[in-house]
Amino acid sequence: MAERPLRLLLLALALAAVSAARSSETVGRRFTLFYFTVEPADTLAIRGASVILNCSVFAEPKARIEWRKDGIHLISDERRQMLPEGSLLIHSVVHSKHHKPDEGFYQCVATIDNLGTIVSRTARMTVAGLPRFSGQPDGVFVHEGDTALLGCEVNADLVPFVRWEHNRQLVAVEGRFLKLPSGTLEISNTSSSDAGSYHCSVEAAGSSKTSEEVFLTVLPEMDADREATFLQKPASVSKVAGQSLILPCVVSGYPTPTVQWLHHDEIIWERSQRVALVGSGSLQISDMVEDDAGVYECVAESGNQTIRAQAELSVQVPPRFLKQPMNIYAHESMDIVFECEVTGTPVPTVKWIKNGDMVIPSDYFKIVNERNLQVLGLVKSDEGLYQCVAENGVGNRQASAQLIILEHDVPIPTVPPTPLTSATADHLVTATAGLLPSAPRDVVALLVSTRFIKLTWRPPAEPNGEILAYTVYYAKDGANRERVENTSRPGDLEVTIRDLMPEVKYVFRVVAHNKHGAGESSAPFRVATQPEVQVPGAAQNLVAQANSATSITVIWQEPHSDNGPINNYKLYYMENGAGSEQDVDVGALWYTMNGLKKFTEYSFRVVAYNKHGPGVSTEEVVATTYSGAPSAPPQNVTLEVRNSKSIVVHWQPPPPGTHNGVITEYNIRYKKAGRRGETDSTGGNQLSQTIDGLERNTEYSFRVSAITVNGTGPSSDWVSAETFESDLDESRVPDKPSSLHVRPLVNHIVVSWTPPEDQDIVVRGYAIGYGIGSPHAETIRVDYKQRYYSIENLEPNSHYVITLKAYNKVGEGIPLYESTATRPLTVPDPSPMMPPVGVQATVLTHDTIRVTWADSSLPKNQKITDSRFYTVRWKTNYPANTKYKTADTNTLSYIVSGLKPNTLYEFSVKVTKGRRSSTWSMTAHGTTFETVPTSPPKDLTVVSKEGKPRTIIVNWQPPSEANGKITGYIIYYSTDINAEIHDWVIEPVVGDRLTHQIQDLTLDTTYYFKIQARNSKGMGPLSEFVQFRTPKAPGSGKLGKHPPSMDLGTDTRHSIGGHNSPHGSPTSTLDSNIMLIIIISVGVFTIIMVVIIAFICTRRTNYQQKKKRAACKAANGSHKYKGNSKDVKPPDLWIHHERLELKPIDKSPDPNPVMTDTPIPRNSQDISPADNVDKDHTRRNSYLGREQEDGVSSMSSRRGLRPKIMMPFDAQPPQPVISAHPIHSLDNPHHHHHCDGPSSPTRSYLRHQMATRPLASSLDRANSTESVRNTPNSDMSPALSSQTHTVDSLETDVPSVTYLPGSQDEDSNRSVPTAHVRPSHPLKSFAVIAIPPASTGYEAASSSTPLLAQAGANPQVHSVKTASIGTLGRSRSPMAVTVPSAPDVAESAKMLEDSDTNYSPDELNEEMAHLTGLMKDLNVITTA
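Given the structure is predicted, the values throughout are model-derived calculations rather than measurements.

So, how was this worked out
- Residues numbered from 1 in each chain as written.
- Predicted model: local features only at pLDDT ≥ 70, side-chain atom pairs only at ≥ 80, totals over all residues.
- Heavy atoms only, no water.
- Core = buried A, V, L, I, M, F, W, Y, C linked by side-chain atoms within 4.5 Å.
- Buried < 20%, exposed > 50% of the residue type's maximum accessible area, 1.4 Å probe, protein only.
- Helix = DSSP H or I, 4+ residues; strand = E, 2+ residues; numbered from the N terminus.
- Contact = heavy atoms within 4.5 Å.
- Pairing = 2+ DSSP bridges.
- Disulfide = S-S within 2.5 Å.
- Axes fitted to C-alpha atoms, helices over the stretch in contact; angles between N-to-C directions.
- pLDDT = per-residue confidence, 0-100.
- Salt bridge = Lys/Arg side-chain N within 4 Å of Asp/Glu carboxyl O.
- Phe/Tyr/Trp six-rings, centres within 6.5 Å; stacked < 30°, edge-to-face > 60°.

Looking now at the nonpolar core. Core analysis: the largest hydrophobic core is formed by 38 residues, its most contacted members being I647, V649, W651, F702 and W753. Elements supplying a minimum of two residues to this core: β56 (635–641), β57 (647–652), β58 (665–672), β61 (699–708), β65 (749–754), β66 (765–772), β67 (778–783) and β69 (799–807). Setting aside chain neighbours within four positions, we find F702 in contact with L639, I647, V649, I668, R669, Y670, I691, L694, D717, W718 and V719. I328, W352, L378 and Y473 belong to the second-largest nonpolar core, a separate cluster that totals 32 residues.

Written out as structure tokens, the structure is:
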């Protein structure tokens, strides 16, 4: 019995292991990122120089890189080295006439073991030979103002290295100097300064060669007409897209010829930045595209002479992928297809590579549609990397994909990277534990043909659930590569296997699938396809020959293998360029096709038929009919009146398909009215002719006909033009037309005009520009005689701008402008659609909102099946005049981006279908999220406060891009503009206040200020700095040695030595005598105060000891204290020399104390009487920008010399608490005696710290996180400090007596013992803390960490100005500080010994009244 649970456990573990393995297989077989980041490029190397072929691969793990040259592995040697990143460096390229080891085709090969190999594109490296000149230039004579050409016959591959020198000075190829593609130097508009010696030189790889000098002689211009001739004609050229080209056209003659270029029989205007005329007339095309290909014609006109030259530009485009192969998951026996679609000019060829080796087409690897790779019947060895390589004559590209073959029990991922073929669609589901079906039964062949077999079977005897699908595996008998075919629907019991070979035996087996997976396989079933039908072979010796312009005779011979008698033949023929074939049945071995088009190419093929059907087709043959006379006249015949005696005739060739041969010439017939005509002729490539010798002010009619070798075609219609009465001026552009009128209709505008007023300038025609909102969208040119034109096919109810300009050969004149709107359609408006409903706006980010809606006119599934679209509009209501923005979409949602942060937007939607549209839907609203401010506060200004030269007021304006509610500002200031920003002093400001005071600055000092805003998301950028210099110190002489007059609320400090503090209050402007009286009075009063306070505090200490002992007894639950030192522990206070921090009260059970910072106020202005604060308020760090309940936040002390008090607050249950007493002046003898007694280790502990540094801190209690600020004194002299602070007694569970006037508002019964430590004004302190001499030493009362530590050993430490957010100008509450249990020391037993001396409240009130009288006396003195 014990073995059975063990077996079950082992079985469960085995199943879990199998499941984990399957999961690992599914998750672990991931496609590997493996591709080239840099591939080698075609390179022109210089003989003897070094060259680098770059190659870099991204692969994880790292790939191994090798190189191939001309398909053979390249071995590194001294000259050919592979760099670490994979590039190939070839030193000192070797190249000679019979030895070219470095020239060839290079490929970078990258391999990852156990994954596969990929190869880069093929880069061709050609080597330029040494410079050599095939000929030397000859001397050139040129007339001044004409164009000169200086030849430089150098190797074509070195033309880019050619440079020219004139009189041994380098020629700058710009302006009138142009270097043609052959290296020839063209100098246009020559002058006498161009004369001299010229030579060209070629410098490459340190080797240079210079041609012989040639002299250019500039002859004076004789003003005699010279016939226009071509110095260099354009030549046909082939270039790669993206390159630049210069088509040279250099013409000489007098008058200076004007050059125009035609492309596709249209004049090329220099409207495009890519096309420009350079030199004297050459055409430069930059960054060529495919549309730039075609025939270009250079037309040069000089006087009455016109010459032309043509060249054809072919633009080739390297291969480019339209669709790259994708990674594929598959199972064994499946069929897959890697798709690859490319384009380019010429059309690229595609080849496939697997793991670096060429894929050879076979029965299982097939190239489909000339570009896709089909792999049939996958096996495990087919796994790897496949690359599609496309190449044409100008380049090659490659793209790779990975094939991963999974185990049959591992499902293919839900969304495969590429769809598989329909025959191999994966119908399998993830296998789960359960019973599998048994084998299908009775597999038989229902139909057997030559190319397909139809199988059928019976369901399994034990299906063990619903059969989901059947899979048929088949292969040639004896082959191990199986293919797979799945049934298309559950329950199908038959399948047709296609694309089989005739007379071949195949093996079939069938597997059933249920929800648990694939079941058992049926027994192998063998069947052979039928043999091929005996059809005829291909006819032999097919020949096609033209008989005339409309007939072709086709002749052929019988097939070698007719497989029986031939019944008939079918002749297929097709016109070149036509989309479909035509056929005719023929009973003989020849046939004559009649009724064909003239001079047209036809293709023919023949198929023989016997009783079994059609046989094999012959290859196509091509024949062209003879030419004939043109069947259509030339097109677009126009006339251009040149002057009073000549007219230029322009035309276009007859329409394509009507030439009927090669046009050899054009015949031009012209006549005057009522007279017989005359004829003129021109070449077949010429499309214009100038007719000279005409009469003035006479109308002539012209017509043109085309001529081939077979005759003359029909003539065009007569067109007429009238010569000028006198020769007009064409040296300047025409004036603007005198008037322009427009008449708008629904879809066209009628434009009419009158010619320019100045009739002495030639007008060749008018240019009409028009467009919606701009007249430059479309341009139409009309004849100069025309006075109106109708602009058709315009949009109804649209605003059009129209311009009209007269033009001649010089250019276009000044335009006239007119604007109008076409009339709206008068068709009735269709019925509106219902607006979308349920519009919702979902805020995604600070600048993005998704708008969704429903369309009530759609079916329930909300599926859009028609051409409707939706328009979303949105706007914000601030500012009020904001315009709507719109966007169209054809889905039921739209993501609006580019919104402003923290802004309320409203959205509405309408639907449009054809001409019907709905009204706007109900609006939805959404407010974008906040983000950090993206602009600094503006208008930062700094001014000095009147009467307080050490105080400045900083003003600013909110940032223009606040991106949310401003929660505060940070002011940075420093005296060093070059200091790092973290070394600047900071002034935090809470809320959205736009002004702040900064006090206690140093006089006559330049400060630099910056400010940044913050919101709930963070800090914005800093503003530019503002410079401000504080005023110079008023007064001089002895006044500098006495304390300045105090300003109410200002913290007045003096150094021990009697010097002014660097951040003291400003000196009063009173008379020196009055100042002397005031200073003496203050000194007397201070001495009296010290005596009184020392007396009061001594007696108060005794009274507090009673209270302290009572509190300890109450806490211990007994009226007796046995003096056990273990019950008394020192305060858990310690020194952190760089940061003195204060722990917050933490009521959580977490034993780890939490440290926070509280800046110490710099003067009494920052501290006001405490308000009642709930002890359970949560404390948070205000520096992070979180708002507080009372609106007051604090901040960690500023950068600089800012020591911080660190006081831990333990979360332990209340222990016996020692109340803190006022710290009396340590120079009082009575006080010294009292402190040395055994009254309290805590006082001894505090006294020890007073000997090492002054206490100058205040504890700030607020709803925010407590902060500590400490301003160290400037000296350690025994003299009295001008700045003192009162430390209140620590409150206990029993009521305590407070001594400050405003302390009656404080809660004296707190559940947690607290201590209120407050700063005091020098005139309002009851305990003046005197600094003991530096030589006085005190022994530490306990081993606990002292409360305060001296920040540094320097006796003259200037105070550093600090501030907390929101402290200036508002009251702040004292902080509740939990005092932990006393230290565990031997002397603690003496703490509870009570002093017999104490004071009643009445005695204290008398002292208070006496002190009040003294204060009144002081006020009288100061007032006098």
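Another aspect to go through is the sheet that holds strand β35 (residues 357–358). Overall, mixed pairing links the five strands, which are arranged β31-β39-β38-β34-β35 in an open sheet. The open sheet terminates on both sides in strands that have one partner only, identified here as β31 (328–331) and β35. Direction of pairing for strand β38 (residues 384–392) relative to strand β39 (residues 395–406): antiparallel, over a ladder of nine bridges. Bridging across to β39, E391 finds its partner in N396.

A full pass over the atoms with the stated rule returns four disulfides. Bridging C340 to C388, the disulfide has an S-S length of 2.0 Å. Taking the sign of the torsion about the S-S bond as the criterion, the disulfide between C340 and C388, at about -75°, is left-handed. Here the residue C340 occupies a position in the loop between β32 (336–338) and β33 (341–345), and C388 occupies one in strand β38, the gap between them amounting to 48 residues. In this pair, the class of C340 matches that of C388, namely buried. Disulfide connectivity for the protein chain, with bonded cysteines indexed by sequence position, reads 1-2, 3-4, 5-6, 7-8.

Let's shift gears to the environment of D225. Looking at the secondary structure, you find D225 in the loop between β20 (214–219) and β21 (226–232). We classify D225 as exposed; its relative accessible area is 67%. Separated by 28 residues in sequence, D225 and G253 have C-alpha atoms that sit 7.5 Å apart. Ignoring anything within four residues of it in the chain, the contact list for D225 reads Y254 and P255.

Our next topic: the sheet that holds strand β27 (residues 275–278). Taken together, three strands build an open sheet; the order of strands is β23-β28-β27 and the sheet is antiparallel. The strands lining the two open edges of the sheet, one partner per strand, are β23 (245–247) and β27. Each adjacent strand pair in this sheet contributes to an overall mean axis angle of 25°, direction not counted.

Attention now goes to the pairing of strand β25 (residues 258–263). Bridging between β25 and strand β29 (residues 294–302) involves six bridges; their strand directions are antiparallel. Bridging from a neighbouring strand, W261 pairs with C298 of β29. Bridge analysis of β25 against strand β26 (residues 266–267) gives two bridges, and the strand direction is antiparallel. Bridge pairing in β26 links H263 to E266.

Turning next to the confidence of the model for the protein chain. Per-chain confidence: the protein chain averages 75 in pLDDT, with 70% of residues scoring 70 or above. Confidence drops under a pLDDT of 50 for residues 1111–1397, and excluding neighbours within four residues, the segment shows 651 contacts in the predicted structure.

Let us look at the pattern of salt bridges. Counting across every chain of the model gives 36 salt bridges. Of the charged contacts, one joins D477 and R526 as a salt bridge, the two residues approaching to 3.4 Å between their closest N and O atoms. Of this pair, D477 sits in the loop between β42 (469–476) and β43 (483–486) while R526 sits in strand β47 (residues 525–528), and the two are 49 residues apart along the sequence. Since its relative accessible area comes to 38%, D477 is described here as partly exposed. A relative accessible area of 46% places R526 in the partly exposed class. We note a salt bridge from R605 to E581, for which the minimum N-O separation is 3.0 Å. On the criterion of sequence distance, the pair formed by R605 in strand β53 (residues 601–610) and E581 in the loop between β50 (568–575) and β51 (582–586) is long-range, its members being 24 residues apart.

Our focus in this paragraph is unusual backbone geometry. Keep in mind that most residues, glycine aside, have a negative phi and that most peptide bonds are trans. Note that the residue after Y254, namely P255, is joined by a cis bond; omega there is 0°. Assignment of secondary structure puts P255 in the loop between β24 (250–254) and β25. For the bond from T345 to P346, the omega torsion is -5°, close enough to zero to count as cis. Of note, P346 is situated in the loop between β33 and β34 (349–354). Phi is positive for N114, close to 65°, though the residue is something other than glycine. Summarising the element assignment, N114 is placed in the loop between β9 (104–112) and β10 (116–119). Look at D1000: it is not a glycine, yet its phi comes out positive at around 60°. Within the fold, D1000 resides in the loop between β83 (995–998) and β84 (1006–1015). D1000 gets classed as buried once you look at its relative accessible area, which sits at 3%.

Counted by the stated rule, this structure contains 20 aromatic pairs. Measuring from centroid to centroid gives 6.1 Å for F338 and W352, while their planes differ by 35°, and the two rings are tilted. With F338 in strand β32 and W352 in strand β34, this residue pair connects regions lying 14 residues apart in the sequence. In this structure F338 comes out as buried when scored by relative accessible area, which is 1%. Note on W753 and Y766: the rings are 5.4 Å apart at their centroids and 55° apart in plane angle, and the pair reads as tilted.

What follows concerns the environment of A854. Structurally, A854 is set in strand β72 (residues 849–854). Taking the C-alpha atoms as reference points, A854 and P835, 19 residues apart in sequence, are found 9.3 Å from one another. For A854, the contacting residues outside a window of four places in its chain are P836, V837 and Q862.

Attention now goes to the environment of G478. For G478, the position within the fold is in the loop between β42 and β43. Sequence separation of G478 and K505 is 27 residues, and the distance between their C-alpha atoms is 9.3 Å.

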